[in-house]
Amino acid sequence: MQDNQDPNQAEQGDAIAQGYSPQTVETAAQRYWNTQHAYEVVEGDARPKFYCLSMLPYPSGALHMGHVRNYTIGDVISRFQRMQGKNVMQPMGWDAFGLPAENAAIKNRTAPAKWTYANIEHMRTQLQSMGYAIDWSREFATCKPDYYVHEQRMFVRLMKKGLAYRKNSVVNWDPIDQTVLANEQVIDGRGWRTGALVEKREIPQWFLKITDYAQELLDGLDTLPGWPDAVKTMQRNWIGRSEGLEIRFDVKDDEAPVAPLTVFTTRPDTVMGVTFLSIAAEHPLAQYAAQARPQLAEFIAELRQGGVSEAELETQEKRGMDTGLRAIHPISGEALPVYVANFVLMNYGTGAVMAVPGHDQRDWEFAQRYSLPIRMVIVDRNVIDALRAIKHDLSRGVGADPMRAALDGRSTDAYEVSSAVEQVEQFEQRILQQGAWTERGILVNSGEFDGMDFQQALDALATRFEAEGRGQRRVNFRLRDWGVSRQRYWGCPIPVIRCTRCGDVPVPEDQLPVLLPEDVAFSGVQSPLKADPEWRMTHCPSCGGAAERETDTFDTFMESSWYYARYTSPGATAQVDERANHWLPVDQYIGGIEHAILHLLYFRFYHKLLRDEGLVSSDEPARNLLCQGMVIAETFYRENADGSRDWINPADVEIQRDERAHVIGALLKADGQPVQIGGIEKMSKSKNNGVDPQSMVGKYGADTVRLFSMFAAPPEQSLEWNEAGVEGMARFLKRLWREVTTHAAQPDHPPTDTAALDDAQRILRRQLHETIQKVGDDFGRRHAFNTAIAALMELLNALGRFNDLSEQGRAVRHEALEAMVLLLNPVVPHISHALWQVLGHPETVLEDQPWPQVDASALVRDSVTLAVQVNGKLRATIELPCNASKEEAEAQARAQPQVMHFLEGLTVRKVIVVPGKIVNIVAG
RNA sequence: GCCGGUGUGGCGGAAUGGUAGACGCGGCGGACUCAAAAUCCGCUUGUGGUGACACAGUGGAGGUUCGAGUCCUCUCACCGGUACCA
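Each value, and the rule that gives it
Residues numbered from 1 in each chain as written. Chains lettered and ligands numbered in written order. Predicted model: local features only at pLDDT ≥ 70, side-chain atom pairs only at ≥ 80, totals over all residues. Heavy atoms only, no water. Helix = DSSP H or I, 4+ residues; strand = E, 2+ residues; numbered from the N terminus. Contact = heavy atoms within 4.5 Å. Areas by Shrake-Rupley, 256 points an atom, 1.4 Å probe, with all protein chains shown as cover. Lys, Arg positive; Asp, Glu negative; His and termini not counted. Charge placed at Lys NZ, Arg CZ, Asp CG, Glu CD. Phe/Tyr/Trp six-rings, centres within 6.5 Å; stacked < 30°, edge-to-face > 60°. Buried < 20%, exposed > 50% of the residue type's maximum accessible area, 1.4 Å probe, protein only. Lys NZ or Arg CZ within 6 Å of the ring centre and 35° of its normal. Salt bridge = Lys/Arg side-chain N within 4 Å of Asp/Glu carboxyl O. Expected span 1.5 Å × (residues − 1).

Visitor: Sorry, what's going on with the overall build of chain A here?
Guide: Scanning chain A for helices and strands turns up 29 helices and 35 strands. If you line up chain A on its principal axes, its C-alpha atoms span 105 × 95 × 65 Å. Considering only residue pairs separated by 6 or more positions, chain A has 71% of its internal contacts joining residues 24 or more positions apart. Here chain A displays about 41,400 Å² of accessible surface, and carbon together with sulfur accounts for 49% of that area. Placing the 96 positive and 123 negative side-chain charges of chain A at their respective mean positions leaves the two points 1 Å apart.

Have a look at this one:
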């Protein structure tokens, strides 16, 4: 069986003598894979396809641990799936446009293009040192014209379809630098570099009509069982479908009618509780009212201060001002004040809301602050039901009694009525004093609608308003159209020509791409595109007259929304070709949870755009999604005299512990003096707690780094980097190496004869096959790589204790070691590649070896351990034959001394026997 | 603010409603060594007890269940997202 005829045996002998050398092993394996083109794939293959995709990296300069974790997960799944007989494609590319290149350009005075290309070269080398099974022949960078030309072509088609359009929208404006700022560049309402107070400014921008697909994007989530529920829930909430009524309020300025206000509400049942209206500062009516009211104009100007991010808008103090306009209540005819409020967003709904302080908490707080009336118009159904139970004569006009119509007209005595009315009054007092009651209930104080529930009120009001032409039923989405314009240089130019006569004209397809000049001087203030008249000035494709190019570029989410499709069709003249339908949808997508909403929604949207252009036939881009957690590490610092902190890298610190291993402090290795412990945080430059993957690979080898990143935590949780833990992984690989090489030095052995095994051999073989079963399930179904590795560690521990050098002992050991090398291969492919040869096989691509099969007969046990509980508390364990009956189990359990002791003086009421698990005796 | 998630020994984590703490790290003790490193073996949730064992214990408060780390309600802390970071 083990006849080592390999010509490389002498070389391996040296390797064995030298022990495990990661560098030698990894260089050799990677060289072999390259010469074999082991991970390049084509479509014409009998095996079923498996497209395994990891989110493409931004080339920020150096590989970080987050990348290593993401790509190692993808690589383990890729190699595992190939060992299951699939034709696996795992591509890689570069999300090469983006803000950091501009920031680096300002800092280092290099052109963004040059910086980006240098980073790509460096990071590709780093990625390759990790030994990922990537098909590098499909690689691309999104900043290259042969990539972005397709993005421009798609955009002009969307313009023609009416799915791309231009409108005004608000951005962060830095008045000193005279530039638009990203939300992350606004810190506490100020520009990050100038410190100037940021202002909101409206500018024209391009949008894609993602809202046309809102319903489909929502419904599509139900077709994705392989996506995490958290992601689907977040997307559902983000899309935010709601049903309600759109209602028009007539508005008067003094007594003169002005343009009416339209509001959308999901709570039309509260309409009789409206005591004022709130509108956004950008609302046309607010602008109108401000013309004649300097104080209001000043207030609106004040609201322009600060950034535009939702987090900032929603956490600021709620403020408002009366516009002086009066809205006419559509039913009561009452004149209601119209307020400008800073919490009403122009880009959500209609930019105006009807305020019901009695039944909306935000309106309640606003009403309190500005002394506006609060009205109860909904009462808890339980309160009403209590009243309805009382016999009550309604005919004796209760008049203003809020319960008038809610009560059912039967007679009762005065005492009960007054106690019932008291309940309602208490309810009303609670609303007035403690806050809005926002549940659905029964209408009161609502005239003809009294006594109705939510649905009845909705129907009645919709019918009435529709008949009057004053309102209608409407479905509203929280989702807004995708703004794709960026006032930046380092991005894909938007292929539009602005002509004073013809308007916005798309660049004709045969004139695409609109090239982004790469060799530019970049100061950070003005975009080189705007500054370059030669680039900007052109002719209108429509009338031939002088015209200007659009100088904005695309949001970089544009590139990352379709890269997955381009990988399938390298070299295609169109955006993708027929190969796309072979590979798509992606079978497994892997990336960070931080992309749960924006990227993953645009990615799904763009797939539908590709589909509607006839380029792909599927509805969704990815079947399965795995979101991995962050990589975090301990932080350390020293405080300076001025209170600022110098952050110290964990590699330069030594931890101090007391005799019980509690951490009591930390010292800087360089000077032996104490440093402060700053807590565990996401690896970042600012906290200097980043661990460089390259130095780790240099020190321990790629396999050890891969093993640790898969072992230290399950993939979807955050992973704490800990070098001592890395050393533990290196120890494991060393022991594996020793175990295999020592075994290989033993004489040949006959095949395993399962009938001839002694107890110890049978138990070891059973553990082996249990491990094969567990690892397959953990890798394939659960993606619980950490527990799979733990099971393999246990198996190696068992092998270490198994000192049987008999022929059958060696046979079982050989079976176990071969299986282990194959099971570990997805995680640590280099050492597996080498050890497979040590075990007597010729050099090969290990993914083409079949995955070890579980021998069901090896799993059979003749006895099983049961836990015995008394009233749910563990009191004993018993060993029973597997075929023991429930009665036998109960009898055995009751005979245990500890059980008898705890049952003393008690009556057994019930005995629960779960076969193979527990016996629980319930006694009292 | 809103949406989503997480919380278990000294630490990372395991336990797919059925023996809480697998596996790894750290610590302590031992073997080997002139010594150290490496390696190997043993112990390691807390409290009490020589011990067998007992009691407590999965952020906090309730609940469902024969049985809850796991399911439900409320609550606290932290993390991610919040539409121009990617």
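Once the structure has been displayed, the description carries forward.
Visitor: For this particular structure, what's the right way to read the packing of aromatic side chains?
Guide: Two numbers describe a pair of aromatic rings. These are the distance of the centres and the angle of the planes. Tallied over the full model, the rule gives 33 aromatic pairs. Each ring, one from Phe-343 and one from Phe-366, has its centre 5.5 Å from the other, and the planes form 75°; the classification is edge-to-face. Taken together, the residues Phe-343 in the loop between strand 12 (335-341) and strand 13 (352-355) and Phe-366 in helix 12 (residues 361-370) connect sequence positions 23 residues apart. No difference in accessibility class separates Phe-343 from Phe-366, as the two residues are buried. Here the guanidinium or amino end of Lys-144 rests over the ring plane of Tyr-117, the centre of that ring lying 4.6 Å away. Above the plane of the ring of Phe-207 lies Lys-167, whose end atom (NZ or CZ) is 4.6 Å from the centre.

Visitor: Whenever I open this one, the environment of Phe-603 confuses me. Can you help?
Guide: Positionally, Phe-603 belongs in helix 20 (residues 598-612). Exposure remark for Phe-603: the relative accessible area of 0% places this residue in the buried category. In this structure the C-alpha to C-alpha distance between Phe-603 and Met-558, which are 45 residues apart in sequence, comes to 8.7 Å. The contact partners of Phe-603, leaving out residues within four places of it in the chain, are Trp-227, Ser-561, Tyr-564, Tyr-589, Pro-621 and Ala-622.

Visitor: Even after reading the chapter, I still don't get the pattern of salt bridges, so can you show me in this structure?
Guide: Proximity of charged atoms lets side chains of opposite charge pair with each other. Tallied over the entire structure, the rule returns 59 salt bridges. The partner of Asp-504 in a salt bridge is Arg-166, with the nearest N and O atoms 2.8 Å apart. With Asp-504 in strand 20 (residues 503-506) and Arg-166 in strand 3 (residues 164-174), the pair connects residues that are 338 residues apart, well separated along the chain. Overall, Asp-504 belongs to the partly exposed group, its relative accessible area being 28%. Take Arg-166: its relative accessible area is 30%, and that puts it in the partly exposed class. Of the charged contacts in the structure, one is a salt bridge between Arg-474 and Glu-246, with a shortest N-O distance of 2.3 Å. With Arg-474 in strand 16 (residues 471-477) and Glu-246 in strand 8 (residues 241-253), the pair connects residues that are 228 residues apart, well separated along the chain. Judged by relative accessible area, Arg-474 falls into the partly exposed class, the value being 27%. In this structure, a network of salt bridges that share partners links the residues Glu-216, Arg-604, Lys-608, Arg-611, Asp-612, Asp-619 and Glu-620.

Visitor: I'm lost on helix 3 (residues 65-83) in this one. Help?
Guide: Between its first and last C-alpha atoms helix 3 spans 27 Å; for 19 residues at 1.5 Å apiece the expected length is 27 Å, and the two agree. One or two steps after helix 3, the chain reaches Gly-85, where phi turns positive at roughly 95°.

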